[in-house]
Amino acid sequence: MATVEKMPMLQEGYEKLSAELKRLKAERPLIVDAIEEARAHGDLSENAEYHAAKEQQGQNEATIADIEDKLSRAQIIDPKELSGDKIVFGATVTLLDEDEKSIRYQIVGLAEADVKTGRISYNSPIGRALIGKSVGDEVEVTVPAGDRWYEVSKIEFI
């Protein structure tokens, strides 16, 4: 029997996905109306509006199914309830790069990752390399730009 793989995420990520699901479900009647309107134009074989609306409906339903799946497998983790000296999901990590420049990341779920805001997925190359490391550990990561070296200088649970 297959086991369901839990999907770790922060409360903020769960709420963001829930809001997106609600928005997509609210679009359903609008898409159905667009399909009905396009259907009223006659011949469906040459009706671009009809085909576009049906395609939009398919994309909307697929996205709804994907989000519902993620939410059903969600394992909400509150970083403030965590502690320890090793990097785990939810930890905020300060790294020093080769030039002693400080970089700060929070390890988050796939749906929450946004490098611009300092949030990286636990499944990203850097995230995978950091999990389980402690302060003082050196980490080598292969990224599209090449190999990078970091030293873990601080681990916080905030």
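Quantities reported herein were computed from a predicted structural model and do not represent experimental measurements.

1. Quick notes on helix α2 (residues 48-72)
Link 1 in the chain: With 25 residues, α2 ought to run about 36 Å at 1.5 Å a step, and its terminal C-alpha atoms sit 36 Å apart, in line with that.
Link 2 in the chain: Taken together, the buried positions of α2 are occupied by Y50, A53, N60, I64, I67 and L71.
Link 3 in the chain: At the N-terminal boundary of α2, the capping side chain belongs to N47, with an oxygen 3.2 Å from the backbone nitrogen of E49.

2. So, the packing of helix α1 (residues 11-39) against α2
Link 1 in the chain: Axis separation between α1 and α2 bottoms out at 9 Å; the angle between their running directions is 160°. Compared by their axis directions, α1 and α2 come out roughly antiparallel. Where α1 crosses over α2, the handedness of that crossing is left-handed.
Link 2 in the chain: Among the residues making up the contact of α1 with α2, the classes are represented as 14 nonpolar, 5 polar and 10 charged.

3. Quick notes on the domain arrangement of the protein
Link 1 in the chain: The domain architecture assigned to the protein consists of domain 1 (7-76) and domain 2 (79-156).
Link 2 in the chain: Spacing between the C-alpha centres of domain 1 and domain 2 amounts to 34 Å.
Link 3 in the chain: Across the boundary between the two partners, domain 1 contributes 7 residues, which contact 11 residues of domain 2.
Link 4 in the chain: Buried surface at the junction of domain 1 and domain 2, summed over both partners, amounts to about 700 Å²; 69% is from carbon and sulfur atoms.
Link 5 in the chain: Taken together, domain 1 and domain 2 are joined by 1 salt bridge.
Link 6 in the chain: The partner of R119 in a salt bridge is E12, with the nearest N and O atoms 3.3 Å apart.
Link 7 in the chain: Joining domain 1 to domain 2, the criterion identifies 3 residue pairs in polar contact (both at pLDDT 80 or more).
Link 8 in the chain: Elements that contribute at least two residues to the side of domain 1 that touches domain 2 include exactly β1 (7-9) and α1.

Cut-offs used in this document
- Residues numbered from 1 in each chain as written.
- Predicted model: local features only at pLDDT ≥ 70, side-chain atom pairs only at ≥ 80, totals over all residues.
- Heavy atoms only, no water.
- Helix = DSSP H or I, 4+ residues; strand = E, 2+ residues; numbered from the N terminus.
- Expected span 1.5 Å × (residues − 1).
- Buried < 20%, exposed > 50% of the residue type's maximum accessible area, 1.4 Å probe, protein only.
- Polar contact = N/O pair within 3.5 Å; in protein donor to acceptor, adjacent residues only side chain to side chain.
- Axes fitted to C-alpha atoms, helices over the stretch in contact; angles between N-to-C directions.
- Parallel < 35°, antiparallel > 145°, perpendicular 65-115°, else oblique.
- Left-handed = near helix turned anticlockwise from the far one by under 90°.
- Nonpolar A, V, L, I, M, F, W, Y, C, P; charged D, E, K, R; others polar.
- Domains from an automatic or database assignment.
- Contact = heavy atoms within 4.5 Å.
- Buried area = accessible area lost by both parts, 1.4 Å probe.
- Salt bridge = Lys/Arg side-chain N within 4 Å of Asp/Glu carboxyl O.

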